[in-house]
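Chain residues, written in single-letter form:
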Amino acid sequence: QVQLVESGGGLVQAGGSLRLSCSASGLTFSAHVMRWFRQAPGKEREFVATIWGGGSTYYSDSVKGRFTISRDNAKNMMYLQMNSLKSEDTGVYYCNTGARWESSRTTPGNYWGQGTQVTVSS
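As the structure is a computational prediction, the values presented were derived from the model and not from experiment.

## A short note on the packing of aromatic side chains
A ring pair, where both rings are aromatic, is described by two values, the distance of the centres and the angle of the planes.
So, point 1. Within this structure, the stated rule accounts for four aromatic pairs.
So, point 2. Here the aromatic cluster, defined as three or more aromatic residues joined through ring pairs, consists of Phe37, Phe47, Tyr58, Tyr94 and Trp112.
So, point 3. The aromatic ring of Tyr79 is capped on one face by Arg19, whose charged end is 4.0 Å from the ring centroid.
So, point 4. Note that Arg105 overlies the ring of Tyr58, its terminal NZ or CZ placed 4.4 Å from the centroid.

## Some thoughts on the side chain of Glu6
So, point 1. Along the chain, Glu6 falls in strand E1 (residues 3-7).
So, point 2. For the buried Glu6, no salt bridge is present, and the opposite-charge side chain at shortest range is Arg45, 7.6 Å distant.
So, point 3. A distance of 3.0 Å separates a polar side-chain atom of Glu6 from the backbone nitrogen of Gln114.
So, point 4. Within polar-contact distance, the side chain of Glu6 engages the backbone nitrogen of Gly115 at 2.9 Å.
So, point 5. With residues up to four places along the chain from it excluded, the contact list for Glu6 reads Ser21, Cys22, Trp36, Tyr93, Tyr94, Cys95, Gly113, Gln114, Gly115 and Thr116.

## Digging into unusual backbone geometry
So, point 1. For Ser84, which is not a glycine, the phi torsion comes out positive at approximately 50°.
So, point 2. Overall, Ser84 belongs to the partly exposed group, its relative accessible area being 43%.
So, point 3. With phi around 70°, Trp101 is a residue other than glycine that occupies positive phi space.
So, point 4. Tracing the sequence through the fold places Trp101 in the loop between strand E9 (91-97) and strand E10 (111-112).

## Focus: the sheet that holds strand E8 (residues 77-82)
In a beta sheet, neighbouring strands are held together by backbone hydrogen bonds and run either parallel or antiparallel to one another.
So, point 1. With antiparallel pairing, four strands are arranged side by side in an open sheet as E1-E3-E8-E7. The two strands at the open ends of the sheet, each matched to only one other strand, are E1 and strand E7 (67-72). Averaged over all pairs of adjacent strands, the angle between their axes in this sheet comes to 15°, without regard to strand direction.
So, point 2. Looking at chain direction, E1 and strand E3 (residues 18-25) are connected through five bridges and run antiparallel.

## Considering the nonpolar core
Side chains of a nonpolar character, in soluble globular proteins, are inclined to be buried together.
So, point 1. Counting residues in hydrophobic clusters, the biggest one holds 26 residues, and the most contacted among them are Trp36, Met78, Leu80, Met82 and Tyr93.
So, point 2. Put simply, the parts of the chain that give this core at least two residues each are E3, strand E4 (34-39), strand E5 (46-51), E7, E8, E9 and strand E11 (116-121).

## Some remarks on the layout of surface pockets
So, point 1. Taken as a whole, the largest pocket encloses approximately 170 Å³ of empty space.
So, point 2. Considering the residues around the largest pocket, the lining is formed by 13 residues, among which Arg38, Lys43, Glu46, Glu88 and Asp89 are closest to the centre.
So, point 3. When the residues that make up the lining of the largest pocket are grouped by side-chain class, the tally is one nonpolar, four polar and eight charged.

## Observations concerning the pairing of E8
Regular strands place their side chains on alternate faces of the sheet.
So, point 1. Within E8, five of the six residues are buried, which leaves the element mostly enclosed by the surrounding structure.
So, point 2. Where E3 and E8 come together, six bridges link them in antiparallel fashion. Residue pairing for E8: Ser23 is matched across the bridge by Met77.
So, point 3. Pairing between E7 and E8: six bridges, direction antiparallel. Across the sheet, the residue bridging to Phe67 is Met82, located in E8.

Reading the values: rules and limits
- Residues numbered from 1 in each chain as written.
- Predicted model: local features only at pLDDT ≥ 70, side-chain atom pairs only at ≥ 80, totals over all residues.
- Heavy atoms only, no water.
- Phe/Tyr/Trp six-rings, centres within 6.5 Å; stacked < 30°, edge-to-face > 60°.
- Lys NZ or Arg CZ within 6 Å of the ring centre and 35° of its normal.
- Helix = DSSP H or I, 4+ residues; strand = E, 2+ residues; numbered from the N terminus.
- Buried < 20%, exposed > 50% of the residue type's maximum accessible area, 1.4 Å probe, protein only.
- Lys, Arg positive; Asp, Glu negative; His and termini not counted.
- Salt bridge = Lys/Arg side-chain N within 4 Å of Asp/Glu carboxyl O.
- Polar contact = N/O pair within 3.5 Å; in protein donor to acceptor, adjacent residues only side chain to side chain.
- Contact = heavy atoms within 4.5 Å.
- Pairing = 2+ DSSP bridges.
- Axes fitted to C-alpha atoms, helices over the stretch in contact; angles between N-to-C directions.
- Core = buried A, V, L, I, M, F, W, Y, C linked by side-chain atoms within 4.5 Å.
- 1 Å grid on protein atoms, 1.4 Å probe; cavity = no way out; pocket = protein on both sides within 12 Å on 5 of 7 lines; lining within 4 Å.
- Points joined across faces, edges and corners; volume = space filled by probe spheres on them.
- Nonpolar A, V, L, I, M, F, W, Y, C, P; charged D, E, K, R; others polar.

What follows is the structure, encoded as structure tokens:
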């Protein structure tokens, strides 16, 4: 079965950086679109970024220019480099994917990781 495991969250000051990782197993990784979502306290889960198997990317307006999504198909890994962090970036960050060759830009697939907490102090 598909398993997604996030890591790399933590506490950082505003203006700082963090790099999140997502390890995937149980799937043909290169055939899956991968996404990051986040959920702030008291808010709905929101889309952050998408990366297709070939490396094309798409970002939400709120993180464009500050976050970079990437993947290593040989290692079944996805990453989110977060720079110039703001207090509003605080939340639990989730790795997400769906069925093989499903290609939605922002609609989440059925598979989620457990999430990793990112806290940005102002």
